[in-house]
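Letter by letter, the chains look like this.
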Amino acid sequence: MVSEYIFSGSLPESATTYVKREADEQLYEALKSGKFCYVLNSRQTGKSSLRVRTHRRLTDVGFACAAIDLSFDEVQEVTSEQWYVGLIDTLIDSFDLELDLEQWWYSRQLLSPLKRFRKFIEEVLLVEVTEQIIIFIDEIDSVLSLKFPTDDFFAFIRACYNQRADNPQYNRLTFCLLGVASPSNLIEDKRRTPFNIGQAITLAGFRLQEVEPLLKGLSGRFSNPQAVIEEILDWTGGQPFLTQKLCQLMVLESQREHRRSVEQVVREQIIESWEANDEPEHLRTIRDRIITRDEQKAGYLLELYQQLIQQGEIDFSNTSEQSELQLSGLVVRREGKLSIYNQIYQEVFNLYWIEQQLANLRPYSEAFRAWLASGCSDESRLLRGKTLLDAQGWAQGKNLSYQDKQFLAASDEKQRKKQIAQKEQEAQLERERKDREAAEKRNLVLTEANRQAKRQIRRGTMVLTFTTSVAVILSIFALWSVQKVAETQIYLNNAEKLAKLAGQLEDEGSHSEAKDLFSLAGQSVNVPHPKLKLAMLFAGISLGYQELIEPDLELARKYLQKSKKQLPSEAHSNSQEEKCDNAKVKCQLRILTLKTEGNLLKQEKKTDESIEYYRKAFLLLKGYSPFAQDIKGKILSAENVEAFHREFIELLSTGEDDKLLSSVKDSLKQHYLSELDNLLANQKWREADLKTVRVMLYIADREDRRYLDSESINNFSCKDLKTIDDLWIKYSDSRFGFSVQKGIWLKLGGKIDSSDNETYLKYVDYVGWRQVGKWLNYSQLFGDGAVEKTSEGYLPRKWYQLDSDLLVTDVDLGWVRSSNYEKVFFRAESCDL
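Procedures and definitions
- Residues numbered from 1 in each chain as written.
- Predicted model: local features only at pLDDT ≥ 70, side-chain atom pairs only at ≥ 80, totals over all residues.
- Heavy atoms only, no water.
- Helix = DSSP H or I, 4+ residues; strand = E, 2+ residues; numbered from the N terminus.
- Contact = heavy atoms within 4.5 Å.
- Areas by Shrake-Rupley, 256 points an atom, 1.4 Å probe, with all protein chains shown as cover.
- Phe/Tyr/Trp six-rings, centres within 6.5 Å; stacked < 30°, edge-to-face > 60°.
- Buried < 20%, exposed > 50% of the residue type's maximum accessible area, 1.4 Å probe, protein only.
- Lys NZ or Arg CZ within 6 Å of the ring centre and 35° of its normal.
- Expected span 1.5 Å × (residues − 1).
- Salt bridge = Lys/Arg side-chain N within 4 Å of Asp/Glu carboxyl O.
- Patch = residues over 30% accessible without salt bridge, like charges linked within 9 Å, V, L, I, M, F, W, Y side chains within 5 Å.
- Lys, Arg positive; Asp, Glu negative; His and termini not counted.
- Charge placed at Lys NZ, Arg CZ, Asp CG, Glu CD.
- Pairing = 2+ DSSP bridges.
- Core = buried A, V, L, I, M, F, W, Y, C linked by side-chain atoms within 4.5 Å.
- Axes fitted to C-alpha atoms, helices over the stretch in contact; angles between N-to-C directions.
- Parallel < 35°, antiparallel > 145°, perpendicular 65-115°, else oblique.
- Left-handed = near helix turned anticlockwise from the far one by under 90°.
- Nonpolar A, V, L, I, M, F, W, Y, C, P; charged D, E, K, R; others polar.
- 1 Å grid on protein atoms, 1.4 Å probe; cavity = no way out; pocket = protein on both sides within 12 Å on 5 of 7 lines; lining within 4 Å.
- Points joined across faces, edges and corners; volume = space filled by probe spheres on them.
- pLDDT = per-residue confidence, 0-100.
- Disulfide = S-S within 2.5 Å.

J.: How should I be thinking about the overall build of the protein in this particular structure?
T.: For the protein, the count of helices and strands is 34 helices and eleven strands. Summarising the internal contacts of the protein: among those between residues at least 6 apart in sequence, 66% fall at separations of at least 24. As displayed, the protein offers around 43600 Å² of accessible surface, 48% of which is attributable to carbon and sulfur atoms.

J.: Help me understand the packing of aromatic side chains, please; the structure alone is not making it clear to me.
T.: To describe a pair of aromatic rings, you give the distance between the ring centres and the angle between the ring planes. According to the stated counting rule, one finds 24 aromatic pairs in the structure shown. On the basis of an interplanar angle of 55 degrees and a centroid distance of 5.1 Å, the ring pair of Trp371 and Phe407 is categorised as tilted. On the criterion of sequence distance, the pair formed by Trp371 in helix 18 (residues 365–373) and Phe407 in helix 20 (residues 402–453) is long-range, its members being 36 residues apart. The exposure class of Trp371 is buried, given its relative accessible area of 3%. An aromatic cluster is built from Trp83, Tyr84, Phe117, Phe148, Phe153, Phe154 and Phe156, whose rings are joined through pairwise contacts. Sitting over the face of the ring of Tyr28, Arg57 holds its NZ or CZ atom 4.0 Å from the ring centroid. The positively charged end of Arg259 is found above the aromatic ring belonging to Phe222, 5.1 Å away from the centroid.

J.: It is not clear to me how helix 3 (residues 80–95) should be interpreted in this structure. Could you clarify?
T.: Because an α-helix packs 3.6 residues into every turn, residues spaced three or four apart end up facing the same way. Compared with the 22 Å implied by 1.5 Å per residue over 16 residues, the 23 Å span of helix 3 between its first and last C-alpha is a close match. For helix 3, the full list of buried residues reads Trp83, Tyr84, Leu87, Ile88, Leu91, Ile92 and Phe95. Residues of helix 3 that are buried sit in contact with strand 2 (64–69), helix 4 (101–106), helix 5 (113–128), strand 3 (133–138) and helix 6 (151–162). After helix 3 finishes, the residue Asp96 shows a positive phi value of roughly 55 degrees.

J.: Any chance you could explain the pattern of salt bridges here in plain terms?
T.: Two side chains carrying opposite charge are able to pair once their charged atoms lie near each other. If you walk through the whole model with that rule in mind, you get 42 salt bridges. Between Asp278 and Arg284 there is a salt bridge, with its nearest N and O atoms 3.7 Å apart. By relative accessible area, which is 3% here, Asp278 ends up buried. Each of Arg557, Lys564, Glu597, Glu604 and Lys606 takes part in salt bridges that share partners, so that together they form one network.

J.: Is there a simple way to explain a negative patch on the surface in this structure?
T.: Taken together, the side chains of Asp89, Asp93, Asp96, Glu98 and Glu128 present a region of like negative charge at the surface. Position of Asp96 among the secondary structure elements: in the loop between helix 3 and helix 4. Using a relative accessible area of 64% as the deciding quantity, one classes Asp96 as exposed.

J.: Would you mind showing me how to read the side chain of Lys533 here?
T.: The residue Lys533 is located in helix 23 (residues 530–547) in this model. If we skip the residues at most four places from it in the chain, Lys533 touches Tyr491, Ser524, Val525 and Val527.

J.: Looking at this structure, how should I read the pairing of strand 3?
T.: As a general feature of sheets, a regular strand has side chains that alternate between the two faces. Counting buried positions along strand 3 yields six of six residues, so the element is predominantly enclosed. Going residue by residue along strand 3, you find Ile133, Ile135 and Ile137 tucked away on one face and Ile134, Phe136 and Asp138 tucked away on the opposite face as well. Summarising the sheet, strand 2 and strand 3 pair through six bridges and their orientation is parallel. Bridge pairing in strand 3 links Ala66 to Ile135.

J.: Quick question: what am I supposed to make of the nonpolar core here?
T.: Most often, soluble globular proteins have nonpolar side chains that are buried together. Leu517, Leu589, Ile635, Phe648, Ile724 and Trp728 are the most contacted members of the largest nonpolar core, which has 74 residues in total. If you look at the next biggest cluster of nonpolar residues, it comprises 54 residues, including Tyr5, Ile232, Cys247 and Trp353.

J.: Which parts of the structure should I look at to understand the packing of helix 5 against helix 6?
T.: How two helices sit against one another is set out by the angle between their axes and by the gap between those axes. Two numbers describe how helix 5 lies on helix 6: the axes approach to 11 Å, and their chain directions differ by 25 degrees. In terms of their interaxial angle, helix 5 and helix 6 are classed as roughly parallel. Crossing of helix 5 against helix 6: the hand is right-handed. In contact with Leu114, Phe117, Arg118 and Ile121 of helix 5, helix 6 contributes Asp152, Phe153 and Phe156. Counted by class, the contact of helix 5 with helix 6 contains five nonpolar, no polar and two charged residues.

J.: Looking at this structure, I do not really get the layout of surface pockets. What am I missing?
T.: The gaps left among the atoms become clear once a water-sized probe is rolled over them. Approximately 1400 Å³ is the volume attributed to the second largest pocket. Residue lining of the second largest pocket: 49 residues in total, with Leu40, Ser182, Ser323, Gln326 and Leu327 positioned closest to the centre. Taken together, the elements giving at least two residues each to the lining of the second largest pocket come down to helix 1 (22–32), strand 1 (37–40), helix 7 (183–186), helix 13 (283–291), helix 14 (295–311), helix 15 (320–328) and strand 7 (331–334). It is helix 15 that provides the largest number of residues to the lining of the second largest pocket, a total of six residues.

J.: What is the right way to look at the sheet that holds strand 1 in this model?
T.: Through backbone hydrogen bonds, the strands of a sheet pair up, either in parallel or in antiparallel fashion. The sheet built from five strands is open, its strands ordered 2-3-4-1-5 with parallel pairing. Strand pairing shows two members of the sheet lacking a second neighbour, strand 2 and strand 5 (199–200), which therefore form its edges.

J.: Sorry, what's going on with the confidence of the model for the protein here?
T.: Any segment with low pLDDT has predicted coordinates that should not be analysed in fine detail. Mean pLDDT for the protein: 78, with 80% of residues reaching 70 or above. Predicted confidence for residues 570–583 stays below pLDDT 50, and this span has 14 contacts to residues more than four positions away or in other chains. Counted against residues more than four places away or in other chains, residues 769–820, with its pLDDT under 50, gives 140 contacts.

J.: Looking at this structure, I do not really get the pairing of strand 1. What am I missing?
T.: Neither face of strand 1 is open: one carries Cys37 and Val39, the other Tyr38 and Leu40, and all of them are buried. With four bridges joining them, strand 1 and strand 4 (residues 173–179) adopt parallel strand pairing. Directly across from Tyr38, in strand 4, lies its bridge partner Leu177.

J.: Help me out: how do you make sense of the environment of Leu567 in this one?
T.: Secondary-structure assignment places Leu567 in the loop between helix 24 (553–566) and helix 25 (576–603). For Leu567, a relative accessible area of 17% puts it in the buried group. Note: C-alpha distance between Leu567 and Met536 (31 residues apart in sequence) is 9.3 Å. Ignoring anything within four residues of it in the chain, the contact list for Leu567 reads Leu532, Ala535, Leu589, Arg590 and Thr593.

J.: Can you help me understand the state of the cysteines in this one?
T.: On inspection of all chains with the given rule, the structure shows zero disulfides. In this model Cys37 remains outside any disulfide bridge; the closest cysteine sulfur is found in Cys176, 5.7 Å from its own.

Here it is, written out as structure tokens:
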């Protein structure tokens, strides 16, 4: 009878699920013939279980064996003397020696701890024990945490091997080292001879012809246990821990009324929410080995792994980074190549995970790598502006490498030089401007004097009267023209100032903020009323001063007040139509100035007052839609509206007004739905597809995860799901919609809320996903989900080829984990779509 699958710790000798591998015979035969051996591999690959089995087999044929587990006792604060005494004490117990350790140890105080250990081997162990002696030393990586150097210990083990030529007694002594380390880790002093003796034993993953002990536990539980174990190995690559764990999970699955497939168990119990479900710890061990063990090396390991996952495999060149990546367990060496160990690791530690970790480790990694590749000479790769400030803030308190410090220092130096040069250039431009203005004023005076000199003496009363009348008319016209010119000049001066501020923000790396200011400068041209134009520019200038790396809040406040003064109490217009337009522009400007003041107060750390101004702007915003067709002077874009909501939500998240926070979140949802409505109304199917994803992730509060899991699907708001479905149905003439997908699913014989892989395969064939060579891949499936009924069946078509005979689903479900696709249809059914 098969005992329970054991995947945590060493398997006991009696375990019936122990899998014999090629390494079992290699280690046994090598030790039996007196060869020093080492089994150096990643964690949870069966090293200790192999040691237990080999220990027993050698003992059974007359060898005297002892096992020292270096992780068994504390290592953090132990002294070298205590450590070596502990080794001797373990050997005394293992070989049942008669020795007064305390008296023996202290009688040799003139010798170093290692010298006394050697004396014990020669004078006690090799004398008292007459059989062939094998000492297993497990968890050797624990010595790396010791407070004293351990190079001497491993040099001593190497010396025991070399001593065989001079002292025949050493031919009876053999060592076997096991742990998570590479031979180069054992003797780190590069001036000493490296640890270069013994036979390396490679622990490969379980192969199909080796797993008969595991297969027995599945027999009688599944109709085709062979297929189950093959699929398990497909997912685990034979990795011992994962293989034993997945076998145990499938045994438990066999007891369920509705059994899930191996893939579904893997996804739902291992891959999804893996950081929370990783018990006993395995995936987190791999993560920590790469990320937290050595912060200075973590970036290089991630970049190497990123290269590997992008290429599929890379040549093995035995670099320290490649060895460290192997010891993490994430990759394996096969036929001179490094590749990802198994499919589970590839799905958990994917490119998105790598990008997240690189951003956390070094937010400037891309620029840093390019700078290093240039030999630290490409100054265009250095950081500047807000990006540099963020990097310097991130670096505070971190143990940075020398190259990181050099990169940040070079960036800071270049920024200072640029600021000095910019100030000098601005001063020069200011001098040139003043000289130009002075020259222009001189020319105006000369022109006016010349004009007056050319006046002729008037002749006759009638001529005098006529000339006087004309002069009055012309003076009135001139006064009006001068006023218009003055207004235009003021407008142009401030538009130029706003554009300069936007350019400065661009230089500082604040691209989003710069884009907003450029947009305000451009939109101001369409504002009909001069004062409203200035109100808009002044508000933009105030925002610009607030967003600088070194904000000038005093100037920001000054221009904000100027903006408020330009807003009239009522629109001045002779036309009712223009008056209406002015009112709408005025409303948008009121929102802009309130938001600007709220942002200024936030920077002044006046949170409560800031919230009040954002609240007032929010109330006005409720009556505004950026998608309305009757607005001529549109100031606030859809992006502006979204950004306002995001800022207000962030501000409210620090307070206690949950009711207002909920209202703002709901308003942002309605804004997204309005965007979706607008896209669908204009038949922008691809953009609407993307917006649907964004809306649903926002509603489910899953934007940070970028996909919907089973729980978020089951709890998704029926009201919101129906709203989205109704919009697709309305604008696509019932060709798109979740209800359409559900209908196709049921038509093909699918069952709601069940795992029906056969129907799923029919489904993807029916809608054309498989025919275009793609499987629920959102980033690749734009437009290829549409199908056309032909004599050969349903074939894929492009979005722009829609016609009345077309049958399609609404959006591809790639952003829903594939194991949860039937839950979408179940939710559509339960919501009565």
